[in-house]
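One-letter residues, chain by chain:
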Protein chains: 2
Amino acid sequence: MSPKITTELLKQLRQAMRNPKYVQEPVQAYIVPSGDAHQSEYIAPCDCRRAFISGFDGSAGTAIVTEQHAAMWTDGRYFLQAAQQMDNNWTLMKMGLKDTPTQEDWLVSVLPEGSKVGVDPFIIPADQWKRMSKALKSAGHDLVPVKENLIDTIWVDCPQRPCKPLITLDLNYTGVSWRDKIVALRSKMDERNVLWFVVTALDEVAWLFNLRGSDVEYNPVFFAYAVIGMNTIRLFIDGDRVMDPAVREHLQLDSNLEPEFRIQVVPYGSILAELQAVSAGLSPKDKVWLSDKASYALTEAIPKAYRYLTPYTPICIAKAVKNASETEGMRRAHIKDAVALCELFNWLEKEVVPKGTVTEIIAADKAEAFRSQQKDFVELSFATISSTGPNGAIIHYKPVPETNRTLSVNEIYLLDSGAQYKDGTTDVTRTMHFGTPSAYEKECFTYVLKGHIAVSAAIFPNGTKGHLLDSFARSALWDCGLDYLHGTGHGVGSFLNVHEGPCGISYKTFADEPLEAGMVVSDEPGYYEDGSFGIRIENVVLVIPAETKYNFKNRGSLTFEPLTLVPIQTKMIDVNLLTPKERHWVNDYHQKCREVIGAELERQGRREALQWLLRETEPLTGQ
Amino acid sequence: MSPKITTELLKQLRQAMRNPKYVQEPVQAYIVPSGDAHQSEYIAPCDCRRAFISGFDGSAGTAIVTEQHAAMWTDGRYFLQAAQQMDNNWTLMKMGLKDTPTQEDWLVSVLPEGSKVGVDPFIIPADQWKRMSKALKSAGHDLVPVKENLIDTIWVDCPQRPCKPLITLDLNYTGVSWRDKIVALRSKMDERNVLWFVVTALDEVAWLFNLRGSDVEYNPVFFAYAVIGMNTIRLFIDGDRVMDPAVREHLQLDSNLEPEFRIQVVPYGSILAELQAVSAGLSPKDKVWLSDKASYALTEAIPKAYRYLTPYTPICIAKAVKNASETEGMRRAHIKDAVALCELFNWLEKEVVPKGTVTEIIAADKAEAFRSQQKDFVELSFATISSTGPNGAIIHYKPVPETNRTLSVNEIYLLDSGAQYKDGTTDVTRTMHFGTPSAYEKECFTYVLKGHIAVSAAIFPNGTKGHLLDSFARSALWDCGLDYLHGTGHGVGSFLNVHEGPCGISYKTFADEPLEAGMVVSDEPGYYEDGSFGIRIENVVLVIPAETKYNFKNRGSLTFEPLTLVPIQTKMIDVNLLTPKERHWVNDYHQKCREVIGAELERQGRREALQWLLRETEPLTGQ
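In short, a report on the structure. Every chain is numbered independently, its residues counted from 1 as its sequence is written. Here chains are named by letter from A upward and ligands by number from 1 upward, in the order in which they appear as written. With pLDDT at 70 or above as the cut-off, local features in this predicted model cover only qualifying residues; side-chain atom pairs require 80 or more to be listed or tallied, and sums for whole chains, interfaces and linings still use all residues. Only hydrogens and water are set aside when side-chain values are computed; all heavy atoms of the structure are taken into account.

### Some details on the sheet that holds strand E17 (residues 412-417) of chain A
Residues and elements named next belong to chain A. To keep things clear, this is the line we draw: Being paired, for any two strands, means DSSP has found at least two bridges between them. Counting from the N terminus, the helices are the DSSP runs of H or I reaching at least four residues and the strands are the DSSP runs of E reaching at least two. To obtain an axis, a line is fitted to C-alpha atoms, over the contacting stretch when the element is a helix, and the angle between two such axes runs from 0 to 180 degrees between their N-to-C directions. Contacts were defined at the residue level, with two residues in contact if any of their heavy atoms lie within 4.5 Å.
Reading across the sheet, the 3 strands line up as E16-E17-E20 and stay open at both edges, with antiparallel pairing between neighbours. Both outer strands of the open sheet, strand E16 (385-388) and strand E20 (428-433), are each paired with one neighbouring strand and no more. Going from strand to strand, the sheet's axes swing by 10° on average, the running direction of each strand aside. Where E16 meets E17, 4 bridges bridge the pair, whose relative direction is antiparallel. Bridging from a neighbouring strand, Thr-388 pairs with Tyr-413 of E17. Across the face of the sheet, helix H14 (residues 324-355) comes into contact with E17 and E20 while running at roughly 155° to E17.

So, in structure tokens, the structure goes:
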């Protein structure tokens, strides 16, 4: 992968930073965050401004450009990738390492006295604005909103904002109608004495209205905002998407509904004016509720006295706890996904071992092809990480022609992939060897597996936050002086974003909401040896009630049920390193794969993949 | 224990809350925090205002009194004790439970519109003031400083502030001279471009000057502040304590020192005027460094633009990492402490079993008597928790005549005790049965032991924060649906406070500093069955470098070495529940007790206690 040459672009950006057409006074630094106006993690091509200016296209990172410097902050998943994609104009700031300065500290260290730091107020979340503005102010600088996005001013061939058709989801998929979701939301608003609720996150809008879209690759969302009052529902959305009869019927736009359920459809771009109008009509004790991660521009549109900000909205929390229909949908999706992967791995074994003609890209495409044969397949849920040998150590690697390696019997192959089905979202990682793994590779794989099992089999009291489980995933690695530089798990949406809050399993978070039965998270410890190999074992798991001997004095217990049912390659396991309990876990898991996925492979008449499944799920025998 | 009758006191306090002599305008609520002007956890009798007004004398709690209500917030350690010590005027607010309101939320829910909430600005830490003031303001109320402490106005027989002689510590104990500590502090100040440093915590003043006191029971500190400039050292301290020739010599008050090491001794009460004077002399870019937990009054004395606040001061962090002299001192202290406890437990076995005449108080006194026979013993490090049967479930129980139970062969006995020696501070908990424990008691004890071992034997990379280890202590309990409502460990001072920051092991903290080799913490999981028994197993452990197979790519590994070397009662262990690794840990630990404590018992000619030690450290045999 050769780095993007950014010398000319940085020159143009620095000119824009001084151009009175865009800025009242020159800004000495300009911040380019990752996100879009909805603080999405995955963004549309027109919003990939940070990638455009730097070349680094990982999912997380913030660029800051000053007159003299250009610096990029990103986390452990992306250290290698960012270093490869950026040219010498850029300094990589490795977040999470002790000596890496924060963006604020770095700015203070490089800026001349009394500097102005610019940022697009629609892109920066209000909480980040506040923190950064305060830090800069205390050092004598100013954070200033620059209305016109300076990247857009130099991005001559910037793609258009997408505006694709909508998908309606009926009760079989969602379990709850949008009307009932509005009722529940209004009751939460009532509890907190809030008059208006502003929905800014794209997946929250999609979930609330039981609609899906395809404006952003991998995330079935569409560009929209919503404003909910006690008697008002306003949906801010562009194009003639709501002219589709199925959408009109779904939203009951042409029915004679009670006024409080009538949806007013208004242009996407009118949200700021709407918030200003709403604010103008408020009385002293009225409140407007929005996420503290909403953009600074929208947050500022509501005078401070009226704002009610929370880190997680009631929609975010309700969305995370899957109901029975959603849970059943997730199960179905994971069964279909496992069928596709059994086909893939069977095919890989047949192709890689004798022929050696399968590249990372071919394998990824083949995985997509098998998935697309399954019912209700919509698209992938993220860019497939198909990586062999040293590429496996690039945690969020995506194969491109320049880096594409051929799978062989000599290297570990890591496949992290998932799909969107109309009934659910999947995300699974398996690490395999098509030849004979070394003792060291097996040792590392087995520690990762022990960590995976430790989380998956953990029992914990109701009210426990996910971050308290993170160390369970690391303990076996730690004992030997190994670790991995990413969290252990993230929330997973139901035919929605593959990463969603408010729960997760990571040493980095503390403000996560407690795990509840019905939540769905990933369990994905790993180990990465730079320049050599990567190992990760990931299942999506459902939080379920656990039965314990003493049940925490009726406080209740929780544990996890794996939704992902794909064999874990036993060839990679050093059985001597497993405890009997861990060995039983693997055997029970493989028995369930046989029963559930075996039956589906049978039903779909996929005999060869079934034989592969049976071979791969032979029980481990004890020491 | 009968509750304190507070009806009359509350009436007087409410009168004071309206008395124009003390308040410009009446306050509708008055907050009585736990602390003193130094935010100490343990406080002098004259500072026990919250206990005076409510009757509840646990170490943590905040009282709030309004015209109609009186409410007390405390944590899980004190739920039972607070309920027993307070009368019906008081509502207990159980912190950590889901439905318990925060102080701010509760105030907002009970106060009439536009209320004033008063608090002593010297007692409330600045960070708490800020949070509470903001929350109250956003609900239309005001937090106001009330200069005269309103409790003091109604406390007719309030004791005098203590002013006891000082103890000087030489290099054999401290390893570093106060001059070198000042040099190191100034270098930290220089790094951050700070002109002045204000030392507000009592243990930080004591540590910095290598002095100790006895103004506060159990904590060898003295009432003082210090202000350090680049060429100035001012010590704010009362009485003729610095007239003692040993102290004058130690501080070199009469030597002709370089000006930057000359200590100016000034009255304790002049600190506020000093800070105002310092602030008046500052230039625009100058900074004054103090803890964000310093009192609101002192923080406010420094104009905002000049303040440099951090959660942990450089003294706090330096103090936590024990040097070789301090570590050796801690080892010596723990050996002496173990000798005393072997004597005690041997004596208890002889007295309790046949005679049944030993009460909780007698046992606690006997423990103190044995400790006081040891060299360099100064005092206890906290009130001994000597509790049998149901009293053991009161987590921070202290036996008093009303609750005093007799130890018997039918109940579990829990002893949590420790001492201050001139060379170190100890804190140890052992749980014993003098008859035959039930299967359930052994089961619970064994889970607690498994948790204790999981933390003590944990290996983790450099840079790991203690809170990430907390779940290791709970895992075995969680598996069976059991838990405990307190953290797993706290930092321990070196002949200083038995609880100190910035490290610890608790699910409740997130802002703890990473563990470093040389830090000392406790490892004390427990299990409590209300009305029946309490179990806790506590060692003080030293963070040491660990040797691992792969050493985290030279990032380095850490683990713990137990400093406490007191047998863990094997009679209470259900060996079938231990893994071979855990069994070996117990046997290795007991082997070390035999070697180290056995030799010292031998040296001190304590033959009978030695026999007891040998009996109690017989190796466990496998399943």
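Let us keep going from here.
### Some remarks on the environment of Val-27 of chain A
All names here are of chain A. Just so we agree on the cut-off: Only protein chains enter the accessibility calculation, which uses a 1.4 Å probe. A residue is then buried if its area is under 20% of the maximum for its type, exposed if over 50%, and partly exposed in between.
Looking at where Val-27 falls in the secondary structure, it is placed in the loop between helix H1 (7-16) and strand E1 (29-32). The class of Val-27 is buried, set by a relative accessible area of 2%. Once residues lying within four places of it in the same chain are set aside, the contact partners of Val-27 are Met-17, Lys-116, Gly-118, Val-144 and Val-146.

### Describing the packing of aromatic side chains
As a reminder of what qualifies: Stacked, edge-to-face and tilted are the three classes for Phe, Tyr and Trp ring pairs, Trp counted by its six-membered ring, which pair at centre distances within 6.5 Å; planes under 30 degrees apart are stacked, over 60 edge-to-face, the rest tilted.
One pass over the full model with this rule turns up 39 aromatic pairs over all chains. Ring centres of Tyr-440 of chain A and Phe-533 of chain A lie 6.0 Å apart, and the angle between their planes is 70°; this geometry places the pair in the edge-to-face category. Here Phe-533 of chain A lies in strand E26 (residues 533-536) and Tyr-440 of chain A lies in helix H16 (residues 439-456), a separation of 93 residues in the sequence. The class for Tyr-440 of chain A is partly exposed, based on a relative accessible area of 23%. On the numbers, 6.2 Å between centres and 70° between planes, the contact of Phe-223 of chain B with Tyr-268 of chain B is edge-to-face. Of this pair, Phe-223 of chain B sits in the loop between strand E9 (211-212) and strand E10 (224-229) while Tyr-268 of chain B sits in the loop between strand E12 (263-266) and helix H11 (271-280), and the two are 45 residues apart along the sequence. By relative accessible area, Phe-223 of chain B is classed as buried at 2%.

### As for the interface of chain B and chain A
Formally: Salt bridges are identified by distance alone: a Lys or Arg side-chain nitrogen within 4 Å of an Asp or Glu carboxyl oxygen. Polar contacts, as counted here, are pairs of nitrogen or oxygen atoms within 3.5 Å of one another; within protein the pair requires one atom able to donate a hydrogen and one able to accept it, and residues that are adjacent in sequence qualify only if both atoms are side-chain atoms.
Taken residue by residue, the interface counts 37 residues in chain B and 38 residues in chain A. Summed over the shared surface of chain B and chain A, the number is 6 salt bridges. We note a salt bridge from Arg-555 of chain B to Asp-483 of chain A, for which the minimum N-O separation is 3.3 Å. Connecting chain B to chain A are 14 residue pairs in polar contact (both at pLDDT 80 or more).

### A look at the packing of helix H14 (residues 324-355) of chain B against helix H15 (residues 360-372) of chain B
Residues and elements named next belong to chain B. Definition in use: Roughly parallel means an angle under 35 degrees; roughly antiparallel, over 145; roughly perpendicular, 65 to 115; everything else is oblique. If you view the pair so one helix is near and one far, a crossing is left-handed when the near helix is turned anticlockwise from the far one by less than a right angle, and right-handed when it is turned clockwise.
Between H14 and H15, the least distance of the axes is 8 Å, while the angle of their chain directions is 140°. On the basis of their axis angle, the class for H14 and H15 is oblique. Crossing of H14 over H15 shows right-handed handedness. Across from Asp-337, Ala-340, Leu-341, Glu-343, Leu-344, Trp-347 and Leu-348 in H14, the residues of H15 making contact are Ile-362, Ala-363, Lys-366, Ala-367, Phe-370 and Arg-371.

### A short note on the relation of the copies chain B and chain A
Counted only if it meets this: Copy-to-copy superposition: least squares on the C-alpha atoms, limited to residues that have pLDDT of at least 70 in both copies.
Turning chain B through 180° and shifting it by 0.1 Å along the axis lays it on chain A, with an RMSD of 0.1 Å. Taken together, the rotation angle and the small translation identify this as a two-fold axis. In this assembly the copies share their binding face: 97% of the residues contributing to the interface of chain B also contribute to that of chain A.

### Topic: the pairing of strand E3 (residues 70-74) of chain A
Residues and elements named next belong to chain A. Burial analysis of E3 places 5 of its 5 residues in the buried class, which makes it a mostly covered element. Alternating positions in E3 separate into two faces, Ala-70, Met-72 and Thr-74 on one and Ala-71 and Trp-73 on the other, with burial throughout. Relative to E3, strand E2 (residues 62-66) runs antiparallel, the two being bridged by 4 bridges. Bridge pairing in E3 links Thr-62 to Trp-73. Connecting E2 to the next strand, E3, in antiparallel fashion are 3 residues. Sheet topology note: the E3/strand E4 (residues 91-94) ladder contains 4 bridges and is parallel. Its bridge partner lying in E4, Ala-71 is registered against Thr-91.

Scope: geometric values only; no functional claims are made or implied.
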